[in-house]
Amino acid sequence: MQIVSSPEEMRRIAQQVRQEGKTIGFVPTMGYLHEGHLSLVQKAKKASDFTVVSLFVNPTQFGPQEDLDRYPRDFHRDRELLENESVDLLFAPEKSALYPEGFSTVVRVEGLTDRLCGQSRPWHFGGVTLIVCKLFHLVQPQAAWFGQKDYQQCQVIRRMVRDLDFGIQIHVCPIIRENDGLAMSSRNRYLQPEERKQAPVLVRSLAAANQLFLEDERSAARLVSAIHSTLARSPEARIDYVEVVDAESLEPIETVVDPAVAVIAVYFGQTRLIDNHILGEDLSY
Ligand code: AMP
């Protein structure tokens, strides 16, 4: 596995790979890899001639009071995991190489980013679209793989790719969960033992709404209320948002007619966890 930190070197290799007529598959990450990340890598590997994984804790998507400095990092372990997956290239740039002095450009998708996570973390999606845009230019993939775990992020990136004519295929992959149903996340390690014990209440609350949906409940308010009453059983859970929204536009709905997704964000102590489920799909874990 090649390890590259220089953006210029990344661009040069990508150009060379494309000149050889090979396809580039790309998985962007912030590292501290788990099976969720690796599931994307495996799909990218299968579909591409040359697989690139990036590892970069992107400062512009963190707020001033957020966990940028304490975000978990373990480069050696990540490198080993990616080597085991036979990834072709690991791109791990330095912050100063991607954001040199005087950097002043923004990349913003309007509308889609105003609500849900965008409301509680208004800086977040601007940072995501900026870094994904930069990485796409450097890695030059034909296709990229993202996790449904970050549902709104996937929709935002799809919109950016469409609006700005990137010509990159965006694949969204299922959420990988722990045995007790908690969606895997690098941030799960922040949870205190009691919080960790209670955290599967997120998936249980989504399962409750899904069950109601399968029993033909179509009122978004009643589906949301089922999620609320499940979450209320966990004393440590503090709700940021619970919504049932249109799966495409993420706009609020009253009645589920078109595909809809239940999206939730819940704090356990200082740790904010997100999860979601497309209503009517299987939710087994
Ligand atoms: P991150 O390192 O948190 O930026 O995540 C990198 C990519 O992995 C994103 O596309 C995430 O949506 C995806 N991802 C994170 N957790 C999971 C999970 N539990 N299952 C599937 N994909 C995930």
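Here's what I pulled together on the structure shown here. This one's a predicted model, so the numbers in the text were calculated from it and none came from an experiment. (Residues numbered from 1 in each chain as written. Predicted model: local features only at pLDDT ≥ 70, side-chain atom pairs only at ≥ 80, totals over all residues. Heavy atoms only, no water.)

**Things to note about the overall build of the chain**
What counts, and what does not: A helix here means a DSSP run of H or I that spans at least four residues, while a strand means a run of E at least two residues long, and both kinds are numbered starting from the N terminus. The globule rule used for comparison is 2.2 Å times the number of residues to the exponent 0.38, while the radius of gyration itself is calculated over C-alpha atoms. Residue burial is assigned from relative accessible area. The probe radius is 1.4 Å, only protein chains are included, and a residue is buried under 20% of its type maximum, exposed over 50%, and partly exposed in between. Any two residues whose heavy atoms approach within 4.5 Å at even a single point are treated as in contact. Only the protein chains shown count as cover for residues, and all accessible areas are computed by the Shrake-Rupley method using a 1.4 Å probe.
For the chain, the helix and strand inventory stands at 10 helices and nine strands. Taken against the 2.2 N^0.38 rule, which gives 19 Å for 285 residues, the C-alpha radius of gyration of the chain at 19 Å falls within 12% of a compact globule. Projected onto its principal axes, the C-alpha coordinates of the chain cover approximately 55 × 40 × 40 Å. With 285 residues in all, the chain has 55% of them scored as buried. For the chain, the share of sequence-separated contacts (at least 6 apart) that also reach a separation of at least 24 residues comes to 74%. Accessible surface for the chain amounts to roughly 13,800 Å². Of this, 46% is attributable to carbon and sulfur atoms.

**Some thoughts on the pairing of strand S2 (residues 24-29)**
For the record, the criterion: Note: two strands are recorded as paired if DSSP finds a minimum of 2 bridges between them. With strands facing away from the observer, any crossover in which the path from the first strand over the helix to the second runs clockwise is taken as right-handed.
The buried fraction of S2 is high, at six of six residues. Judged from the six bridges that link them, S2 and strand S3 (residues 50-55) form a sheet pairing that is parallel. Bridge pairing links Thr-29 to Leu-55 in S3. Note on the crossover from S2 through helix H2 (residues 35-47) to S3: the handedness is right-handed. Relative to strand S5 (residues 143-147), S2 runs parallel, the two sharing two bridges.

**Details of the sheet that holds strand S9 (residues 271-278)**
Test applied: To define axes, lines are fitted to C-alpha atoms, for helices over the stretch in contact only, and angles between the resulting N-to-C directions are given on a 0 to 180 degree scale.
The strand order across the open sheet built from three strands is S7-S8-S9, with neighbouring strands paired in antiparallel fashion. At either end of the open sheet lies a strand with only one pairing partner, and these are strand S7 (237-246) and S9. The average undirected angle you get between the axes of adjacent strands in this sheet is 15°. Bridge count for strand S8 (residues 260-268) against S9 is eight bridges, and the pairing is antiparallel. Considered in S9, the bridge of Val-261 is made with Ile-278. Here helix H9 (residues 201-214) sits on the sheet in contact with S8 and S9, set at roughly 25° to S9.

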